[in-house]
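Close look at the chain arrangement
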Amino acid sequence: MSRCLFCEGEPESLSGYAALHRVTSDCRPWPAGGGIAACHACGVVQKPCDPLFLDEIGKIYSGYEIYQLSSGLEQPVFSAGLGEARSMTLLKRAFETLQPAARGRMLDVGCGNGGLLKSFAARLPEWCLAGSEMSDTHKKAIESIPGVEALYVGDIDDIPGTFNLITMLHSLEHITEPVAFLAKLKARLAQGGRLLIEVPDLHQNPFDLLIADHVTHFSRTILHRTLSAAGYAVERLSNNWIAKELSAIATPGEAVSGIYDDGNDRAAAVEGIARLTRMIAEARDIAAQQTFGIFGTSIAGTWLAAQLLQTGAKVDFFVDEDQTRVGRQHMGLPVLGAANIAPGAKVYVPLAPAVARAVTGRLGVGQFVAPSVFN
Ligand SMILES: [Zn+2]
């Protein structure tokens with residue numbers, strides 16, 4: 001058993017998880033057989049960082065695994081994290097607290113293909129921007145964004161100078177030593193500099209458990225504790241700036257004791273696993289009765305399709321509201337627009353409760369089915 005990522009305690013494996021198929025953060029199906037644990041001492045829900053897990057995340061990040069379900073044909077890879085539109089919504093909310101000056105220098109850690117940098121450049125065109133990533137795959141695209149000085153690949157310590165703002169959107173949950181990493185980042189912040197963090201919320205989104213390369217599953221309680229342990233004072237911590245996500249603004253300084261209590265994280269994870277398991281049975285029953293589609297081609301849709309197909313159930317198509325995905329294939333199945341579904345077909349909507357209700361309400365309860373496990 002590996003040690004807890006946050007304390008000297010011992011993480012306890014949660015049963016039922018190993019039977020679930022998983023998905024990578026860039027929406028590739030990933031086989032079942034993983035582990036998830038909750039620490040006896042501190043309560044943090046986490047992936048056990050044992051050699052098996054470290055080997056898996058190495059494979060995921062190097063991306064060499066051949067895509068299994070489409071006979072080795074490469075699927076379009078959708079960018080992980082927040083898209084450009086959602087990062088703009090986040091910045092709008094964050095700027096109310098940050099009140100940024102007209103000029104400054106910012107670093108986006110885990111910048112992906114530059115969604116946040118683009119939004120930031122549009123809002124504050126006089127800032128000097130930089131990105132940091134594990135690979136230089138998107139170097140050209142990122143360095144062509146107005147205001148971006150460079151994409152830095154490699155160790156954070158090697159990035160020159162300091163920054164007035166450092167952002168980490170959907171990257172802290174990937175890091176195997178989150179407290180040490182955040183503590184190290186302090187040296188990259190200028191006097192008065194701040195950190196903006198966005199991570200998935202365990203309590204709002206059980207599908208996050210299925211992401212094979214997410215190491216820590218945060219609640220407000222744990223995110224606050226992590227920032228405090230790394231030597232930051234938390235200025236804001238919200239669970240509703242972006243649906244299903246936690247957003248935090250922090251600055252180096254004396255930790256203030258947490259006022260956040262999201263309840264028991266272990267219980268939320270156990271319930272999440274149970275709900276996901278029941279969701280598979282429900283979807284399989286519906287699929288057996290008529291033409292069957294799955295709403296969404298991102299994390300949850302990809303997971304459910306892989307889970308059903310690998311265990312002998314059928315899936316006929318995907319549905320997506322994103323017009324850039326309609327007409328393509330995903331996992332070897334057609335992606336239809338919501339208006340193109342045959343009258344007798346049913347579409348299962350495997351999304352977090354609030355989002356699923358909004359979708360079925362908008363597209364038609366009856367043909368579109370929200371998971372009953374959230375009722
Ligand atoms: Zn612990």
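Before going into details, it helps to say that this report is about the structure given with it. The structure presented is a predicted model; accordingly, all values stated were derived computationally and were not measured. (Residues numbered from 1 in each chain as written. Predicted model: local features only at pLDDT ≥ 70, side-chain atom pairs only at ≥ 80, totals over all residues. Heavy atoms only, no water.)

Brief notes about the overall build of the protein chain
A tally of regular secondary structure across the protein chain gives nine helices and 19 strands. Computed over the C-alpha atoms, the radius of gyration of the protein chain is 21 Å, within 12% of the 21 Å expected from 2.2 N^0.38 for a compact globule of 375 residues. Oriented by its inertia axes, the alpha-carbon framework of the protein chain measures out at about 65 × 45 × 40 Å. For the protein chain, buried positions account for 53% of its 375 residues. Partitioning the contacts of the protein chain with sequence separation of at least 6, the portion at a separation of at least 24 is 66%. Surface accessibility of the protein chain: about 15,700 Å² in total, with carbon and sulfur atoms responsible for 52%. Here the protein chain contributes 32 positive and 39 negative side-chain charges, whose respective centroids are spaced 5 Å apart. (Helix = DSSP H or I, 4+ residues; strand = E, 2+ residues; numbered from the N terminus. Rg over C-alpha atoms; globule rule 2.2 N^0.38 Å. Buried < 20%, exposed > 50% of the residue type's maximum accessible area, 1.4 Å probe, protein only. Contact = heavy atoms within 4.5 Å. Areas by Shrake-Rupley, 256 points an atom, 1.4 Å probe, with all protein chains shown as cover. Lys, Arg positive; Asp, Glu negative; His and termini not counted. Charge placed at Lys NZ, Arg CZ, Asp CG, Glu CD.)

Observations regarding helix α6 (residues 220-229)
Counting buried residues in α6 gives seven out of 10 residues, a clear majority hidden from the surface. Every buried residue of α6 is accounted for by Arg220, Ile222, Leu223, His224, Thr226, Leu227 and Ser228. Where the residues of α6 are buried, they touch α5 (178-185), β10 (189-200), β12 (232-238), β13 (245-252) and α7 (265-289). Remark: glycine 231 follows α6 within two positions and exhibits a positive phi of approximately 95°.

A short note on the coordination of the zinc ion
For the zinc ion, every protein donor is listed as Cys4 (SG), Cys7 (SG), Cys39 (SG) and Cys42 (SG), and the spread of their distances is 2.2 to 2.3 Å. Coordination at the zinc ion is tetrahedral: its four donor atoms span angles of 102 to 120° at the metal. Motif for the zinc ion, donor spacing along one chain: C-x2-C-x31-C-x2-C. Here cysteine 39 lies in strand β4 (residues 37-39) and cysteine 7 lies in the segment before β1 (11-13), a separation of 32 residues in the sequence. Look at cysteine 39 and you get buried, because its relative accessible area is 5%. (Donors = N, O, S within 2.8 Å, 3.2 Å for Na, K, Ca; no water. Tetrahedral: all angles 85-135°; square planar, octahedral: opposite > 155°, others 65-115°.)

Points about the pattern of salt bridges
Oppositely charged side chains may form a pair once their charged atoms are brought near each other. Going through the model one piece at a time under the given rule, you end up with 18 salt bridges. Glutamate 56 is paired through a salt bridge with arginine 22; the nearest N and O atoms lie 2.8 Å apart. With glutamate 56 in helix α1 (residues 51-62) and arginine 22 in strand β2 (residues 22-23), the pair connects residues that are 34 residues apart, well separated along the chain. A residue is classified by how much of its surface remains accessible, and arginine 22, at 2% relative accessible area, is buried. Here arginine 275 and glutamate 271 are joined by a salt bridge, their closest N and O atoms 3.4 Å apart. Note that arginine 275 and glutamate 271 are positioned in helix α7 at a spacing of four residues, about one turn of the helix. The class for arginine 275 is partly exposed, based on a relative accessible area of 22%. Salt bridges sharing common partners tie together Asp155, Asp157 and Lys184. (Salt bridge = Lys/Arg side-chain N within 4 Å of Asp/Glu carboxyl O.)

Things to note about the nonpolar core
If you look at the biggest cluster of nonpolar residues, it comprises 41 residues, and the most contacted ones within it are Phe292, Trp303 and Leu308. For this core, the secondary-structure elements that each account for two or more residues are α7, β14 (292-295), α8 (299-310) and β17 (333-336). No other element matches α7, which puts nine residues into this core. Taken domain by domain, this core gets at least three of its residues from each of domain 1 (84-252) and domain 2 (283-374). Excluding residues within four positions of it along the chain, phenylalanine 292 makes contact with Ala283, Ile286, Ala287, Leu308, Lys314, Val315, Asp316, Phe317, Lys346 and Tyr348. With 36 residues, the next largest nonpolar core counts Cys4, Cys7, Leu189 and Leu227 among its residues. (Core = buried A, V, L, I, M, F, W, Y, C linked by side-chain atoms within 4.5 Å. Domains from an automatic or database assignment.)

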